[in-house]
Amino acid sequence: MPKTVIRPAVAADLPSILALYRVLDEEMVDLQPDFFCAAPREEEPILKFIESTDADFLLAEQEGTVVGLALVVYAGWTPEFSCVLPHRYASLYDLVVLRDHRCQGIGSSLLGAAKRWARDRRLEYLELGVLAQNTNAIELYEAHDFVEARRTMRCML
């Protein structure tokens, strides 16, 4: 198995990031076709995250080819309500690995890198959202000590 290197993205990685988002978006359509569609991603928001000091695209690379990504972002403080304890945290917005590179530990490596990213910034936790139907992702996250903290429910009208 080739060695996996995790590194932050640079602007030249934009084509690889867009290709990974096509994979992610297709899978989201498969899981929730009434709510997602496969459409081209805009380059500008991706470039803003690449250039930001409060976010990073962490890329998994094997033999010079980008095979996965994790987008981790400093989310700030929890809401300022008297009943909410204040915490600084990060959000893992996206995680995707090319289909033919899955089950090789790449997702685990990206999760580990995202946790280190948050710890290096002295943040208290890393939060993510996952589609309820994405059982493979849920299993991966649970294997890395993520626990369900809330549920989003929807009622169609």
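Residues numbered from 1 in each chain as written. Predicted model: local features only at pLDDT ≥ 70, side-chain atom pairs only at ≥ 80, totals over all residues. Heavy atoms only, no water.

On to the overall build of the chain, then. Looking only at helices and strands, the chain has 4 helices and 5 strands in total. Along the chain, helices and strands appear, N-terminal first, in the series β-α-α-β-β-β-α-β-α. Against the globule reference of 15 Å for 157 residues, the chain gives a C-alpha radius of gyration of 16 Å, in line with a compact fold. Structurally, the chain occupies a C-alpha span of about 50 × 40 × 35 Å along its principal axes. Taking all 157 residues of the chain together, the buried fraction comes to 38%. A sequence separation of at least 24 residues applies to 63% of the contacts in the chain between residues at least 6 apart. Working note: accessible area of the chain is about 10,200 Å², and carbon and sulfur atoms make up 53% of it. (Helix = DSSP H or I, 4+ residues; strand = E, 2+ residues; numbered from the N terminus. Rg over C-alpha atoms; globule rule 2.2 N^0.38 Å. Buried < 20%, exposed > 50% of the residue type's maximum accessible area, 1.4 Å probe, protein only. Contact = heavy atoms within 4.5 Å. Areas by Shrake-Rupley, 256 points an atom, 1.4 Å probe, with all protein chains shown as cover.)

Moving on: the UniProt feature "domain: N-acetyltransferase" (unreviewed entry) in the chain. In the numbering adopted here, UniProt assigns the feature "domain: N-acetyltransferase" (unreviewed entry) to residues 4-157. The straight-line gap between the two end C-alpha atoms of residues 4-157 is 46 Å; of that span, 33% is helix and 26% is strand. (UniProt positions renumbered as here; feature names shortened; annotations may be inferred.)

Counting 21 residues, the largest nonpolar core has Leu58, Val72, Leu92 and Leu110 as its most contacted members. Mapped onto this core, the elements with two or more residues apiece are strand 2 (55-62), strand 3 (65-77), strand 4 (88-97), helix 3 (106-120) and helix 4 (135-143). When residues in this core are grouped by element, the largest group, 7 residues, is from helix 3. Discounting chain neighbours no more than four positions away, the residues touching leucine 92 are Ala70, Leu71, Val72, Leu111, Ala114, Leu126, Glu127, Leu128 and Gly129. By size, the runner-up hydrophobic cluster in this structure holds 20 residues, among which are Leu18, Tyr21, Val66 and Leu131. (Core = buried A, V, L, I, M, F, W, Y, C linked by side-chain atoms within 4.5 Å.)

Taken in spatial order, the 5 strands of this open sheet run 1-2-3-4-5, and their pairing is mixed. At either end of the open sheet lies a strand with only one pairing partner, and these are strand 1 (4-8) and strand 5 (125-128). Across the sheet, the axes of successive neighbouring strands diverge by a mean angle of 30 degrees, strand direction being ignored. Summarising the sheet, strand 4 and strand 5 pair through 4 bridges and their orientation is parallel. Counterpart to serine 91 in the pairing with strand 5 is glutamate 127. Most of the contacts of helix 3 go to strand 4, to which it runs at about 160 degrees, and overall it touches strand 1, strand 2, strand 3, strand 4 and strand 5. (Pairing = 2+ DSSP bridges. Axes fitted to C-alpha atoms, helices over the stretch in contact; angles between N-to-C directions.)

Take the side chain of glutamine 62 next. Examined against the element boundaries, glutamine 62 turns out to sit in strand 2. Overall, glutamine 62 belongs to the buried group, its relative accessible area being 4%. Of note is the side chain of glutamine 62, whose polar atom sits 2.8 Å from the side chain of threonine 4. Not counting residues up to four positions away in its chain, the partners in contact with glutamine 62 are Pro2, Lys3, Thr4, Val67, His101, Gln104 and Ile106. (Polar contact = N/O pair within 3.5 Å; in protein donor to acceptor, adjacent residues only side chain to side chain.)

Once that is clear, we can look at the pairing of strand 2. In terms of burial, strand 2 is a largely internal element, 8 of the 8 residues being buried. Burial along strand 2 is two-sided: the residues Ala55, Phe57, Leu59 and Glu61 and Asp56, Leu58, Ala60 and Gln62 are all buried. Two strands pair when backbone bridges link them, and strand 1 and strand 2 are joined in this way by 5 bridges, in the antiparallel orientation. Bridge pairing in strand 2 places proline 8 opposite leucine 58.

We now examine helix 1 (residues 14-31). The terminal C-alpha atoms of helix 1, which comprises 18 residues, lie 26 Å apart, in line with the 26 Å expected from a rise of 1.5 Å per residue. Listed as buried for helix 1 are Leu14, Ile17, Leu18, Leu20, Tyr21, Val23, Leu24, Asp25, Glu27 and Met28. Where helix 1 is buried, its residues meet helix 2 (43-51), strand 2, strand 3 and strand 4. (Expected span 1.5 Å × (residues − 1).)

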